[in-house]
Amino acid sequence: MARGRRRNITMMMITDLFWNIGWLLTLNLTMLFAACPDQDPDLQIWNPGHNKEHHAHIGRNRKLLLSSSATVNSIHIFDGGKLVISDSGKDPIVLRTRNILIEDGGEFHVGSEDCPFQRDVTIILYGRSDEETENIHSYFGLKYIGVSRGGTLEIHGAHKLSWTFLNSTLHPGGMREGGYYFERSWGHRGIIVHVINQLGDVIHSDRFDTYKSTDESKRLAEYLDRVKKGLIISVAVNDEGSTKLDEFARNALSKLGSKYFRRLGFRHPWSFVTVKGSPESSAEDHVVYQGARGSAAAKVFKLFQSPNGDHFTVGSVSEWVQDVEWTAWFNRDDERGSGDWEKLTDLKSAFPGKICESPIDMQVATVDGIPAHLTAQVFHKHDLDYGFVCRNKDQVNGICHNYKVRFLCGKPVWPKVTVTIDRHINSSIVDLAEDASTWKAGDVVFVASTDYSMYQTEEFQLLHCPECKENQVKLQGKAKYLHMGREVDGVDMRAEVGILSRNIVIMGEMEAQCYGNNACTYFEFDTVGGHIKMGVGFKAVHIEGALLKHMGQQSMGHYPIHFHMTGDVDGKGGYTPPTYVKEVSIHDSFSRCVTIHGSNGLLVKDVIGYKTLGHCFFTEDGPEERNTFDHCLGLLVKAGTLLPSDRDSKMCRMITDGVYPGYVPRPQQDCNAVSTFWIANPNNSLINCAAAGSEETGFWFIFHHVPTGPSEGMYSPGYSEHMPLGRFSNNRAHSNHRAGMIIDNGVKTTEANARDKRPFLSLVGARYSPHVGADPYKPREPALIKNYIAYKNQDHGAWLRGGDVWLEDCQFSDNGIGLTLASGGTFPDDDGAKQEVKNSLFVGESENRGTEMPDNLFWGPGGLDHSGRALPKGETFPMRGIQIYDGPINVENCTFRKFVALDGRHTSAIGFRFNNSWQTCPNNNMTNITFQDVPIASRVFFGEPGRWFNHLDLDGDKTTILHDVDGSVSEYPGAYIVKHDNWLLRHSDCIDVPDWRSAICSGHYAQVYIQAKHPSTLKMKIIKDEYPDKPLFLKGALGRHSHYQQYQPVVMLQKGYTVHWDGLAPQELTIWLINFNQNDWIQVGLCYPKGSMFSIISDIHNRLSKRTFKTGTFQRTYKMNNLDHGHPGRSYYFFDEDTGLLFLKVKAHKKRHTFAFCSLQGCERIKIKASFADKSSVSDCVLTAYPKYSQMPTVDVPMPKKLQIAQLSNSDHFVEVKLESYKMRFFHIREDMAYSEVNGKKYHHDDEGMQIVVIDGKTGKVVDNRSFRRAILRGIPMHVENYVANMKNNSIALVTSKGRLISGRPWMKVLAELGATDIKLKDKLVFVGYKGSFKPEWVKLAVGEDTALLHEVLPIPITKKLKL
């Protein structure tokens, strides 16, 4: 019985065990079916074969499994139907269909999130736009995968790393380990030697400047003698190496096997490769220098075999390179008369200096741009030496076209030496920043450009690489361009490397060329690709691990991936899991990459957009919020036709749909904005994204004042302009033409009309002012831009308009202009906002020199070593780190590195926006600024007339000002740096900074905005009473067609000014007090015709509420002193009939926040209405105003003391010099006085005559002080001449005179030797001169009858700017 009981228990345990196993198997199978959709047992095999007439309808809960390739007309999945692609089998599946429509409970599955698809499958969407309309869906169009209400789309390909960074630099030629590439230009003159072992490794190299010194020639001979036998030696000339060659060096090279080195001439290119001890192995090339006439190159390439049998080639090229460029088009004659005669001699006379002496080539076209050879006309002359002639009598119709011509001219030659070692391996192993083991042999990857041109991006196929580590891949072929794989000068410039191969491919089937009405005017290829579109109410959409190729169409609404008016697509909208697009590679798209339209909460992660037309990652109408772009990469983004902002200049001019008759396109203003990331609402997040090349811009935040299109009415006007910025962190932009990033502009939200003829959605102005809850009445919420990197953008690293916009821990390098900060706009719109940059790095010209190729339009010398490098815009373009536009801004704890001005290129770390008609705020603050490898002369530049700066005569150009809070810029804590010729801001103790075109000053500063009506076309002249001979002329900030004009001078407070006009004074004036603190004031005298009558009130205007409150009136007084006795409710004006000046005391009565333009209550204003009896006179009262109202100059705020050298962080510094020669009067006693002062220490004259104080140009220390009495000057002038002749080079000479000069001759000669020109002597003379081989900017001479004064700072050490 016991045994039976045990048997029963055993049977029960076995039964339980099998039951549990069965339950677990059932559970696992259920989980398996849920995870892998193709394992669902309810699926039926569906293999429809290939039939283009087959319309597949999958509904009524049918569940089909596609397991082989098929071709159908269309697929409609609905009413519980389900189509799944089988992941079983090895053969790829290719599904061809015109479209796939998923709706009403239909589902389409390719893998799942938990069971990624592993098989290769390609979905091809085919069709033509000119086929019958029955194939075109009213909502989805053609060639689509469409997900409508109730539809489910699940695409989940095999996981692959989407993109990462290059972690080892890829050099042109593919050379890496064992390979070598060396290139130098200007700044590396002489004989370049490389010593190479038999394995092809460079073991030593050196440069010998045998142009400069015979010691270098001797050192070269000794160096070559020490090289061991059997080693390979490469020797080449760069620039010039023959001048100081001696026999030791010539013999040494001849002994090595050279036949030409003994005859080496001036600047002759020469290359030589040999093996030490085997002169018979030598290879050599030598050519004669051609001067400016053209290129000349000596090239040697010699093949070697290493001991282990590998081959490598040592290459050496010594050359003079001549770049070429086309002139502008010339059209001197036209077809009238006997024909169109564009003779070269006539053109040179008509356009002097515009055409080179010996053109290399000539192009001829009609004025409409049609090449001459396509016109079928007969030409009498088409000759490079003669020019072009078309005679009317030679033509069939008796008339020539009107032609224009241009010429190809050679630019000045420049030297270049290149030494290479090529391993002859047609592959490269590169390091990556991440594990790339998911990338396989045969995959295609791209390596992004790390230079200015996005077209330096290159594609490679991966090779099998058993020796590679997890973070390495082997590229087939050699790189054509340099791709950085490291941090350069503190900036992360690693190239992006992305995958273009995936196992799920969705693509459009394309025609061989463009056809029909498909933008063929602009594109030669077919642009009607496939597209995926999600409509409102879809049930679920998740797309990952797919490649989309040839998708998108040049028509509205048809994009590779498009969420159209789908609302909230995350948990807020009930989507679990939230909708996403991940690990998708989109390339060769014909319209955008991912479009989010009227949709919120979408996650776009690890998505690549590569080679696309139009904006790539695109938010459309303005209401799109809470979307996240995480680790997305876009590059090679080119113009498209859809929106004005997509278009290039040609498209902008030619596409006239939606414009009003008479519209004249302005491409730069209306169009030209194609961007990698086009963000129409700030409340979206961009994290870890890269914009690696666009024809215009990387990241552009644009504003819709009201939502447009189907989104109309979704938010109130101005909502998006006040919306706080989502998260913007760890993003980067490079290789973009216009800018890495822009926050600015809006789009036109009204149709074209007679008042505004521009088309709908053209670019217009907008201002960004983020506030809590997008409510301008609530506190401001700063837009934070963190860890942003911008490099090699041709125009701007970033252009940011609005406030508050704050940047922190950002990096800018090699941009035309690193960062431009522009305020919120007029007054501004959001008063009290500021822009801020903290803890950021700015690099001018880094070690990333680029590759000299046709893709780099500009190449020339630059950087600290003056080497050849790619340039952002033009050879003379003045690169700047930060460009100040208006303000207020705060720049704190930032570093500027490697900004070096050249002779002809005004590079500077800090500059101002040139050609600026707007204002400059005195609250532009700089604190704790560090300069590294920035000569002190290159720290700041205020501009000068010439190319790029034009005439420098716009109002904003004249009113520039900068506040150096702690002296880290100028060495004067608390100083203001102002334009050198603006005497509204200067006083007598200001110090000139000639290299900066500025002056260092002290004072309290503010602004007045003077608005003028009736008329609004006048030029204004404003004068500070202390300096009546130094007026400031202002044209006004607004266009000539504005109904009022606005003048915006910066003024020194507690001073008097007069204002004059070049015509009859305006009948209405409004004076706004800007940046005035409580009780700040100025006195203003306004010129009016005699007999004028006035009505004057004061008020406060609140720009936020747009309400105005009257605060007081002005009554006339007949005593000037009464101006000081007014109070806020009642003030006085004084009208001086004799001079025509209306005097007011303009005073602020309200408190102001630190960065607010106006008071807490609003902007305090004075409004003047005048009526005139005499309307014929010009309201310029200068001749009667002065000297009557002249004031003695005073310094209200003492100048700050200069920092001591021990307090400075740089070896570069200023030395302050002040020289004065004057007559001192005390009653009837007159005495001549003179002194020189250096860093506060005075050197007085004891006797009448000349004093010379000598300063060492390297250290800034005074090394001598010599006086020459008047008797010596009269009798033995050679004393002075000998003294100057024996003065060491690189010496600063401070020259002052005391007493009356007897003779000008000795002075003239001495001063000329020290750099003075155009010398006209008077009784008093002071002079800052230089003994050296060039003339610095600060060499100055001042003379006068009673006084002569110079006060300036000089940069130490004194260095000569290298020439372009």
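None of the values given here were measured: they were computed from a predicted structure.

**Observations regarding the overall build of the protein**
Phase 1: Scanning the protein for helices and strands turns up 12 helices and 97 strands.
Phase 2: A compact globule built from 1364 residues should have a C-alpha radius of gyration of about 34 Å, and the protein, at 38 Å, falls within 12% of that.
Phase 3: The principal-axis extents of the C-alpha atoms in the protein amount to approximately 145 × 105 × 95 Å.
Phase 4: Within the protein, buried positions represent 59% of all 1364 residues.
Phase 5: At a minimum sequence separation of 6, the contacts of the protein that also span at least 24 residues come to 70%.
Phase 6: Only carbon and sulfur atoms are counted for the fraction: they give 50% of the accessible area of the protein, which is about 55400 Å².
Phase 7: When the 156 basic and 157 acidic side-chain charges of the protein are each reduced to a single mean position, those positions are 4 Å apart.

**Brief notes about the packing of aromatic side chains**
Phase 1: Applying the stated criterion across every chain, the model contains 52 aromatic pairs.
Phase 2: On the basis of an interplanar angle of 70° and a centroid distance of 5.9 Å, the ring pair of phenylalanine 1094 and tyrosine 1133 is categorised as edge-to-face. With phenylalanine 1094 in strand β84 (residues 1093-1102) and tyrosine 1133 in strand β86 (residues 1130-1136), the pair connects residues that are 39 residues apart, well separated along the chain.
Phase 3: By relative accessible area, which is 14% here, phenylalanine 1094 ends up buried.
Phase 4: Residue tyrosine 1133 is classed as buried on the basis of its relative accessible area of 8%.

**Some details on the state of the cysteines**
Phase 1: Evaluated as defined, the whole model comprises 10 disulfides.
Phase 2: With its sulfur 2.0 Å from that of its partner, cysteine 593 forms a disulfide with cysteine 616. Because the torsion about its S-S bond is -100°, the bridge between cysteine 593 and cysteine 616 counts as left-handed. Placement of the pair is cysteine 593 in the loop between β40 (580-589) and β41 (594-600) and cysteine 616 in the loop between β43 (608-613) and β44 (617-619), with a sequence separation of 23 residues. Pair check on accessibility: cysteine 593 and cysteine 616 agree, each one buried.
Phase 3: Covalent S-S linkage joins cysteine 1087 and cysteine 1181, the inter-sulfur distance amounting to 1.8 Å. Because the torsion about its S-S bond is 70°, the bridge between cysteine 1087 and cysteine 1181 counts as right-handed. With cysteine 1087 in strand β83 (residues 1081-1087) and cysteine 1181 in the loop between β88 (1163-1171) and α9 (1182-1185), the pair connects residues that are 94 residues apart, well separated along the chain. Neither cysteine 1087 nor cysteine 1181 differs from the other in exposure class; each is buried.
Phase 4: Cysteine 632 provides the cysteine sulfur closest to cysteine 689, a residue in no disulfide bond, and the two sulfurs are 4.6 Å apart.
Phase 5: Free of any disulfide, cysteine 810 has its nearest cysteine sulfur in cysteine 894, 8.9 Å distant.

**Concerning the nonpolar core**
Phase 1: One finds Ile785 and Tyr788 to be the most contacted residues of the largest nonpolar core, which totals 112 residues.
Phase 2: If one sorts the elements of this core by residue count, strand β38 (residues 540-549) sits on top with four residues.
Phase 3: In this structure, Ala999, Ala1006, Ile1022 and Tyr1133 belong to the second largest nonpolar core, which totals 49 residues.

**Digging into helix α2 (residues 214-226)**
Phase 1: For α2, built from 13 residues, the straight-helix expectation of 18 Å at 1.5 Å per residue is met to within 8% by its first-to-last C-alpha distance of 19 Å.
Phase 2: The set of residues buried in α2 consists of Glu216, Ser217, Leu220, Ala221, Tyr223 and Leu224. Buried residues along α2 cover an arc of 165° about the axis, so they all sit on one side. Of the exposed residues in α2, the ones pointing more than 90 degrees away from its buried face are Asp215, Asp225 and Arg226.
Phase 3: Residues of α2 that are buried make contact with β15 (190-196), β16 (202-208), β17 (232-238) and α3 (247-256).
Phase 4: N-capping of α2 is provided by serine 213, with a side-chain oxygen placed 3.0 Å from the backbone N of aspartate 215.

**What about the pairing of strand β85 (residues 1107-1117)?**
Phase 1: Here β84 runs beside β85; their pairing, made up of six bridges, is antiparallel. For isoleucine 1097, the partnering residue across the bridge sits in β85 and is threonine 1113.
Phase 2: Between β84 and β85, which pair antiparallel in sequence order, lie four residues; one of them, lysine 1106, sits at a positive phi of approximately 60°.
Phase 3: Where β85 and β86 come together, five bridges link them in parallel fashion. Pairing of threonine 1113 across the sheet is with arginine 1130, part of β86.

**Details of the environment of phenylalanine 728**
Phase 1: Along the chain, the position of phenylalanine 728 falls in strand β51 (residues 728-729).
Phase 2: Taking the C-alpha atoms as reference points, phenylalanine 728 and valine 1197, 469 residues apart in sequence, are found 43 Å from one another.
Phase 3: Setting aside residues up to four positions removed in sequence, phenylalanine 728 forms contacts with Leu686, Phe699, Phe701, Met741, Leu784, Ile785, Lys786 and Tyr788.

**What to know about the pattern of salt bridges**
Phase 1: Tallied over the entire structure, the rule returns 58 salt bridges.
Phase 2: The closest approach of N and O atoms between lysine 898 and aspartate 489, which form a salt bridge, is 2.9 Å. Placement of lysine 898 in the loop between β67 (895-897) and β68 (908-912) and of aspartate 489 in the loop between β33 (487-488) and β34 (491-492) is noted, with a sequence separation of 409 residues between them.
Phase 3: A relative accessible area of 9% places lysine 898 in the buried class.
Phase 4: One network of salt bridges, with partners in common, ties together Asp489, Glu847, Arg849, Asp865 and Lys898.

Cut-offs and rules
Residues numbered from 1 in each chain as written. Predicted model: local features only at pLDDT ≥ 70, side-chain atom pairs only at ≥ 80, totals over all residues. Heavy atoms only, no water. Helix = DSSP H or I, 4+ residues; strand = E, 2+ residues; numbered from the N terminus. Rg over C-alpha atoms; globule rule 2.2 N^0.38 Å. Buried < 20%, exposed > 50% of the residue type's maximum accessible area, 1.4 Å probe, protein only. Contact = heavy atoms within 4.5 Å. Areas by Shrake-Rupley, 256 points an atom, 1.4 Å probe, with all protein chains shown as cover. Lys, Arg positive; Asp, Glu negative; His and termini not counted. Charge placed at Lys NZ, Arg CZ, Asp CG, Glu CD. Phe/Tyr/Trp six-rings, centres within 6.5 Å; stacked < 30°, edge-to-face > 60°. Disulfide = S-S within 2.5 Å. Core = buried A, V, L, I, M, F, W, Y, C linked by side-chain atoms within 4.5 Å. Expected span 1.5 Å × (residues − 1). Arc of directions from axis to C-beta. Polar contact = N/O pair within 3.5 Å; in protein donor to acceptor, adjacent residues only side chain to side chain. Pairing = 2+ DSSP bridges. Salt bridge = Lys/Arg side-chain N within 4 Å of Asp/Glu carboxyl O.

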